[in-house]
Amino acid sequence: MDTRLVRSFRAVVECGSYAKAADRLGYTQSTITVHIKQLEAELGVALFERIGRRMMLTEKGAEALEMASGLIAAEDRLLALDGLPESLSGVLRVDVPETVICFAMDDVIAEFRETAPAVTLCLRDRTCLQVSENLRSGECDLGISYAFDWRPEDFVVEEVARTGISVVASANGDVPALDVADFRIKEPFIIDEPDSAIRRAFEGYLADKGCVLEETIELWSSQAIRRLVEFGMGFSVFPTFAVADGLSRGSLVEVPCAFESESFPLYLGHRKTHWMTPAANLFADLVRKHLPFTAGMS
């Protein structure tokens with residue numbers, strides 16, 4: 001069996017359409033169509049059925065997908081049997097929350113680039129929800145996240161570090177009262193995207209205390225948020241590693257708040273049905289080596 005047909009089949013499932021699968025694999029859409037027809041003819045079963053505008057796997061197609069993933073993983077392992085350094089090549093796609101990229105990944109990236117210079121590293125900042133979605137769709141090879149939306153049969157997930165939480169304000173600005181109940185907080189809360197695991201937890205904490213935020217400023221850059229807080233424009237909540245230098249330097253102060261007793265895990269995950277390439281294994285090992293020190297609780 002031509003494994004190109006199998007790879008096209010899996011790409012169609014992961015991407016949701018023939019056109020997107022063609023873009024990923026570098027084929028024309030007509031080539032993907034031919035591949036699927038050839039595979040269906042060889043197997044003697046229909047792999048997809050159209051429901052409205054959507055292509056859905058048939059029952060036999062779902063069985064074939066599980067076997068196809070194993071076949072692709074076996075072929076990839078065979079191609080890397082030599083275990084030589086030159087197998088550290090290709091493209092590695094890693095999705096990570098922006099706070100981790102900006103404040104905790106320097107050592108991982110530096111050692112990876114030194115050890116695997118032939119690998120094209122595509123490191124992208126994504127929300128926790130996007131990391132899960134992109135792993136599931138195959139758009140990334142590895143994901144680091146504060147929270148994973150996963151089913152055990154989908155992903156292999158491990159906790160590689162645990163970070164403390166700091167609620168911070170400017171040393172020269174107004175410090176909100178967050179340690180009292182049933183209180184209206186007038187100072188602006190400056191925070192990132194709505195599906196941030198840390199944001200959701202903090203807002204839940206305030207709601208449980210009966211506290212109301214009068215103003216929320218939403219930005220999508222952790223560095224911009226931190227700069228505004230340092231300028232005295234409001235307060236925010238960060239993983240401690242992202243503000244540790246500002247706290248030690250005195251540009252930021254911690255706001256008295258019981259939420260700071262909380263901690264959050266940092267997870268590393270990959271898709272079960274995707275074989276871990278030598279480059280992915282190296283990157284994962286470096287994350288395990290460095291992240292507990294750069295992002296973990298002291």
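The following refers to the structure shown. (Residues numbered from 1 in each chain as written. Predicted model: local features only at pLDDT ≥ 70, side-chain atom pairs only at ≥ 80, totals over all residues. Heavy atoms only, no water.)

1. Quick look at the environment of Gly138
Note that Gly138 resides in the loop between α7 (128-137) and β5 (142-145). Since its relative accessible area comes to 2%, Gly138 is described here as buried. Remark: the alpha-carbon pair of Gly138 and Cys15, spanning 123 residues in sequence, is separated by 7.9 Å. (Helix = DSSP H or I, 4+ residues; strand = E, 2+ residues; numbered from the N terminus. Buried < 20%, exposed > 50% of the residue type's maximum accessible area, 1.4 Å probe, protein only.)

2. Describing the packing of aromatic side chains
Within the structure shown, the criterion is met by 10 aromatic pairs. With a centroid separation of 5.4 Å and an interplanar angle of 75 degrees, the aromatic rings of Phe112 and Phe283 are classed as edge-to-face. Placement of Phe112 in helix α6 (residues 106-115) and of Phe283 in helix α11 (residues 278-294) is noted, with a sequence separation of 171 residues between them. For the pair formed by Phe112 and Phe283, the shared burial category is buried. (Phe/Tyr/Trp six-rings, centres within 6.5 Å; stacked < 30°, edge-to-face > 60°.)

3. Digging into the pattern of salt bridges
Under the counting rule described, the total for this entry stands at 15 salt bridges. The residue Arg288 makes a salt bridge to Glu158 at a minimum N-O spacing of 2.7 Å. Of the two residues, Arg288 sits in helix α11 while Glu158 sits in strand β6 (residues 155-170), which places them 130 residues apart along the sequence. When its relative accessible area of 35% is taken as the criterion, Arg288 is described as partly exposed. Between Arg226 and Glu230 there is a salt bridge; the shortest N-O distance is 3.4 Å. Separated by four residues within a single helix, Arg226 and Glu230 lie in helix α9 (residues 222-230), roughly one turn from each other. In this structure Arg226 comes out as buried when scored by relative accessible area, which is 8%. A network of salt bridges, in which partner residues are shared, links Arg226, Arg227, Glu230, Asp245 and Arg249. (Salt bridge = Lys/Arg side-chain N within 4 Å of Asp/Glu carboxyl O.)

4. Observations regarding the packing of helix α1 (residues 3-15) against helix α2 (residues 18-25)
Two quantities define a packed helix pair, namely the angle between the helix axes and the distance between the axes. For the pair α1 and α2, the least separation of the axes is 8 Å and the interaxial angle reads 120 degrees. The orientation of α1 with respect to α2, classified from their angle, is oblique. Read as a crossing pair, α1 and α2 show a hand that is right-handed. Contacts from Arg7, Ser8, Ala11, Val12, Glu14 and Cys15 in α1 reach Tyr18, Lys20, Ala21, Arg24 and Leu25 in α2. The residue makeup of the contact of α1 with α2, split by class, is six nonpolar, one polar and four charged. (Axes fitted to C-alpha atoms, helices over the stretch in contact; angles between N-to-C directions. Parallel < 35°, antiparallel > 145°, perpendicular 65-115°, else oblique. Left-handed = near helix turned anticlockwise from the far one by under 90°. Contact = heavy atoms within 4.5 Å. Nonpolar A, V, L, I, M, F, W, Y, C, P; charged D, E, K, R; others polar.)

5. Comments concerning the pairing of β6
Here β6 pairs with strand β13 (residues 263-271) via nine bridges, running antiparallel. Bridged to Gly164 within β13 is Ser263. Bridge count between β6 and strand β11 (residues 236-239): four bridges; the pairing is antiparallel. Bridge pairing in β11 links Val167 to Val237. (Pairing = 2+ DSSP bridges.)

As far as function goes, none of this settles anything; it's purely spatial.
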